[in-house]
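Read off the chains here:
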Amino acid sequence: MTTLPVPSSAGTTAAVTNDPATNDQATTDPAATGPGAPAIADGPSGVEIVEVLAAELDSPDAWAIHGTVLLERATHLDTVGDTDLALDAGTTRATLLDPYRRMRRFVAVRDASRSPESVVGRAMVALPQVGNAHVAQVYVGVHPEWRGRGIGSALWDAVVALAREAGRTVLHADAEFSPEPPPGPGALEAPTGSGRIPADHPSTRFLLARGMRLEQVARHSVLDLPVPPEHLRSLHDDAAAAAGDAYRVHVWHDEVPDRWVDDVARLETRMSTDAPSGDLDVTEDPWDAARVRSAEEQIHERGQRYVLAAAEHVATGTLAGFSMVTYPEADADAEGDDSRPAFQEDTLVLREHRGHRLGMLVKTSMLAELDRRSPRTRRLHTWNAEENAPMLAINVALGFRPAGVDAEWEGRL
Ligand SMILES: CC(C)(COP(=O)(O)OP(=O)(O)OC[C@H]1O[C@@H](n2cnc3c(N)ncnc32)[C@H](O)[C@@H]1OP(=O)(O)O)[C@@H](O)C(=O)NCCC(=O)NCCS
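With respect to helix 10 (residues 358–373)
Consideration 1: The first and last C-alpha atoms of helix 10 sit 22 Å apart over 16 residues, in line with the 22 Å expected at 1.5 Å per residue.
Consideration 2: Taken residue by residue, helix 10 has Leu-358, Gly-359, Met-360, Leu-361, Val-362, Lys-363, Thr-364, Ser-365, Met-366, Leu-367, Glu-369 and Leu-370 as its buried positions.

Remarks on the site of the ligand
Consideration 1: Every one of the 18 residues lining the ligand counts as a neighbour, but Val-142, Gly-148, Gly-150, Ser-153 and Ser-203 are closest to it.
Consideration 2: In this structure, Val-142 approaches the ligand through a main-chain N or O atom, which is 2.7 Å from an oxygen atom.
Consideration 3: One of the side-chain nitrogen or oxygen atoms of Ser-203 is found 2.8 Å away from an oxygen atom of the ligand.
Consideration 4: Protein burial of the ligand: of its 920 Å² of free accessible surface, 70% is covered by the chains.
Consideration 5: Residue composition of the shell around the ligand, by class: 8 nonpolar, 6 polar and 4 charged.

Quick word on the nonpolar core
Nonpolar side chains in soluble globular proteins generally cluster together in the buried interior.
Consideration 1: In terms of nonpolar packing, the biggest core is built from 36 residues, with Val-125, Trp-156 and Trp-409 touching the most fellow members.
Consideration 2: Breaking this core down by element, the ones donating at least two residues are strand 5 (101–109), strand 6 (119–128), strand 7 (135–142), helix 5 (151–165), strand 8 (170–177), helix 6 (202–209), strand 11 (213–224) and strand 17 (401–412).
Consideration 3: Ranked by residue count, the leading element in this core is helix 5, at 9 residues.
Consideration 4: Look past the residues within four positions of Val-125 in its chain and what remains in contact with it is Arg-102, Met-103, Arg-104, Phe-106, Ala-136, Gln-137, Val-138, Val-159, Leu-162 and Ala-163.
Consideration 5: Ala-243, Ala-309, Ala-320 and Met-391 belong to the second-largest nonpolar core, a separate cluster that totals 28 residues.

Quick look at the environment of Ala-242
Consideration 1: For Ala-242, the location among the structural elements is in helix 7 (residues 229–243).
Consideration 2: On a C-alpha basis, the gap between Ala-242 and Arg-357 in space is 6.2 Å, while along the polypeptide they are 115 residues apart.
Consideration 3: Excluding residues within four positions of it along the chain, Ala-242 makes contact with His-356 and Arg-357.

Some thoughts on the side chain of Ser-115
Consideration 1: Mapped onto the fold, Ser-115 is located in the loop between strand 5 and strand 6.
Consideration 2: Classification of Ser-115 as buried rests on a relative accessible area of 18%.

Looking at the pattern of salt bridges
Consideration 1: According to the stated counting rule, one finds 27 salt bridges in the structure shown.
Consideration 2: Measuring nitrogen to oxygen at the nearest pair gives 3.0 Å for the salt bridge that ties Arg-270 to Glu-352. Note that Arg-270 is positioned in helix 8 (residues 261–274) and Glu-352 in the loop between strand 15 (342–349) and helix 10, a separation of 82 residues in sequence.
Consideration 3: A relative accessible area of 22% places Arg-270 in the partly exposed class.
Consideration 4: Among the ionic pairs, Glu-369 bridges to Arg-373, the shortest N-O distance being 3.3 Å. Linking Glu-369 with Arg-373, this pair stays in helix 10, spanning 4 residues, or about one helical turn.
Consideration 5: Judged by its relative accessible area of 10%, Glu-369 is buried.

Conventions used here
Residues numbered from 1 in each chain as written. Predicted model: local features only at pLDDT ≥ 70, side-chain atom pairs only at ≥ 80, totals over all residues. Heavy atoms only, no water. Helix = DSSP H or I, 4+ residues; strand = E, 2+ residues; numbered from the N terminus. Expected span 1.5 Å × (residues − 1). Buried < 20%, exposed > 50% of the residue type's maximum accessible area, 1.4 Å probe, protein only. Near = heavy atom within 4 Å. Polar contact = N/O pair within 3.5 Å; in protein donor to acceptor, adjacent residues only side chain to side chain. Areas by Shrake-Rupley, 256 points an atom, 1.4 Å probe, with all protein chains shown as cover. Nonpolar A, V, L, I, M, F, W, Y, C, P; charged D, E, K, R; others polar. Core = buried A, V, L, I, M, F, W, Y, C linked by side-chain atoms within 4.5 Å. Contact = heavy atoms within 4.5 Å. Salt bridge = Lys/Arg side-chain N within 4 Å of Asp/Glu carboxyl O.

Structure (structure tokens):
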């Protein structure tokens, strides 16, 4: 077992273990995960940092998962004005179990009660296990009423130390803003030439002060559902006419048929190389059939379902493009008065098949099926690089409206 001293702002140190065997044990051993779980580090002003464990959601050990959710809702209300993008409990837990992206989550707690309400900050470090094994993705968020006291810094130091310990050399972080600021002295421009974030925002200042560099800005867009059927039909028919008989559309739910699973893996691999990524230090992220099946399991673990529409190139019997959406299995949230949103996952048309309107063809097929499967879903969220003009054009034609921006930051370790 390796241990890593985590400096606290109080000047003391506590040990964080970074040993996979220990982590696995920690997620299954109730004695180690109970409501009295030990702190891994002292934060400022008596705040402690505690690891979130992948406990069953209805067990007392899941307090840190539920605290993460409460914190997320408060943070999103403050940042973007609604809770659509706030992590839910199922997703918080499922991400801790992903074998392709090993994630550890932490909460900052203000007292020893080990209750969801005691959580005032959160952090995560994710280590991709296949492609991008040089990268660590990190995130910290602090309750709006608890900012400016060093909690974000303590959480940042803890997860960056773990990234370094794991041998990662590149850090990626992201931060959301709404709305995108107008051009001018108050805006920091993405080096890609497209997209801006507020220059003097606390998150921007926080990341700049930690040596991070803004690399890319993604546009966050929302589509109100359902798309008026006649509009969807007309876009679909135009795209189908352009694609002609050379392509055939398939629509699948929750499980890709065995016949196509290698093709879907190939499309997912190409997502990592064919979608614009600015100057971010990223490499190909290879997928195979087992990874497609694992991703399907993850979606199920999160309490979600999916629709995937794919375009087959008839002459070669291979997939030329696809689009996928996830939506909540239970279409009402805990309050019961509003539907939870759907999320646009990957969309890709292989370079060699572009120019036949396949992107619009698979997206309209997918949206029509989403409406049939989940008529209560009222909003669909998507993110696209601001410089990804062809994808943005499709989304704008469908009726997506800009809702904010997501800044992609990079740093070196
Ligand atoms: C970014 C964010 C996490 C910072 O959290 P925070 O708890 O306010 O962070 P800190 O208090 O440690 O540091 C913020 C500033 O407060 C100041 N500060 C630190 N300790 C302090 C203390 N004890 N008393 C007063 N101010 C203090 C520091 O000057 C620091 O500025 P710096 O960035 O120049 O060092 C928070 O604004 C947030 O949750 N934003 C939304 C989520 C987000 O965008 N995350 C992106 C990062 S991945």
